[in-house]
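# Descriptive structure summary
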Amino acid sequence: KNEVEQSPQNLTAQEGEFITINCSYSVGISALHWLQQHPGGGIVSLFMLSSGKKKHGRLIATINIQEKHSSLHITASHPRDSAVYICAVTGNQFYFGTGTSLTVIP
Amino acid sequence: DAGVIQSPRHEVTEMGQEVTLRCKPISGHNSLFWYRQTMMRGLELLIYFNNNVPIDDSGMPEDRFSAKMPNASFSTLKIQPSEPRDSAVYFCASSLATYRGSGNTIYFGEGSWLTVV
C-alpha cells in the first residue's frame, strides 16, 4: 500500500485545457509538496503547503487536511507544462507519490 | 543564487568501485536531503541532515551507503563497493527548515546520474 496515491498516472491534454492532478495520502503530515520533474530530469519544487490554497502564475495548489487530499491545477495549459508532477508529504517520514506524467499537445 | 550544486553530473563506474557524490547546498539553508530515483522505486529519501547532523538515515539501503556533512556547505554520499543495482539518479536538495523540510520549499540540485556496469 502506498502512503501517497496520485491520479491520474498519465494525462494527455490539448493546449489551453484546464488540468487537475490529484493526490491523496493516508498518513499524518506537516506539509505537502508538489514537485515538477522536467524531461531532462531536473526537479523543481512548485509548492509547499500545509493548509488552504496557493497560486503561482497558472498553477494552483489546494489541500484539504480533513480529507487528506490535495490537487494541483494548471490553467491554460501549454506544451512547456509537459513534465512529471510528483506529490510528496512530510510527517514522521517523507513519502512520495509515483508521479503523474503530463503531456500537453499543441 | 547558484542553487544546489551537485557533482559529478554523470558517472559511469565498474562494479566494486567506490563512488562519491558531492553536494553544495544553498548558502544559509540548514537542511540537506539526499534522494535516489529509479524507474522501479521512484523517488526515495535516503538521508536527511539538519544543521549538519544526520537526523534520519532510515532510507539508506545498506551499509555500502554512507553520507557525511562535515560543514554547512558540503555533503557527500558514498557507495562502496558499488553494484549495478545502485544505478540511479541521486538528487541532493536543501531547505531552510526545522524538520524534514516541512517549514519551507525544498530546492533540488540537477542530480547525479550514476551507472554501475
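Higher on the page you've got the structure.
Residues numbered from 1 in each chain as written. Chains lettered and ligands numbered in written order. Predicted model: local features only at pLDDT ≥ 70, side-chain atom pairs only at ≥ 80, totals over all residues. Heavy atoms only, no water.

Glancing now at the interface of chain A and chain B. At the interface, 17 residues of chain A touch 17 residues of chain B. Three residues, A:Ile43, A:Phe94 and A:Phe96, lead the burial of chain A against chain B; their summed loss comes to 37% of the area buried on that side. On inspection of chain A and its partner chain B, the count reaches zero salt bridges. Joining chain A to chain B, the criterion identifies one residue pair in polar contact (both at pLDDT 80 or more). Counting residues per element, the ones that place at least two in the side of chain A that touches chain B are β4 (29-37), β5 (43-49), β9 (83-91) and β10 (94-96) of chain A. Within the side of chain A that touches chain B, the residues separate by chemical class into seven nonpolar, 10 polar and no charged. (Contact = heavy atoms within 4.5 Å. Buried area = accessible area lost by both parts, 1.4 Å probe. Salt bridge = Lys/Arg side-chain N within 4 Å of Asp/Glu carboxyl O. Polar contact = N/O pair within 3.5 Å; in protein donor to acceptor, adjacent residues only side chain to side chain. Helix = DSSP H or I, 4+ residues; strand = E, 2+ residues; numbered from the N terminus. Nonpolar A, V, L, I, M, F, W, Y, C, P; charged D, E, K, R; others polar.)

For any pair of aromatic rings, the description rests on two quantities: the centre-to-centre distance and the angle between the ring planes. Enumeration according to the criterion identifies eight aromatic pairs over all chains in this entry. Ring geometry for A:Phe94 against A:Phe96: centres 5.0 Å apart, planes inclined by 20°, an arrangement best described as stacked. Of the residues examined, A:Phe94 reaches a relative accessible area of 10% and is grouped as buried. One aromatic cluster in this structure is built from A:Phe94, A:Phe96, B:Phe33, B:Tyr35, B:Tyr48, B:Phe91 and B:Phe108. (Phe/Tyr/Trp six-rings, centres within 6.5 Å; stacked < 30°, edge-to-face > 60°. Buried < 20%, exposed > 50% of the residue type's maximum accessible area, 1.4 Å probe, protein only.)

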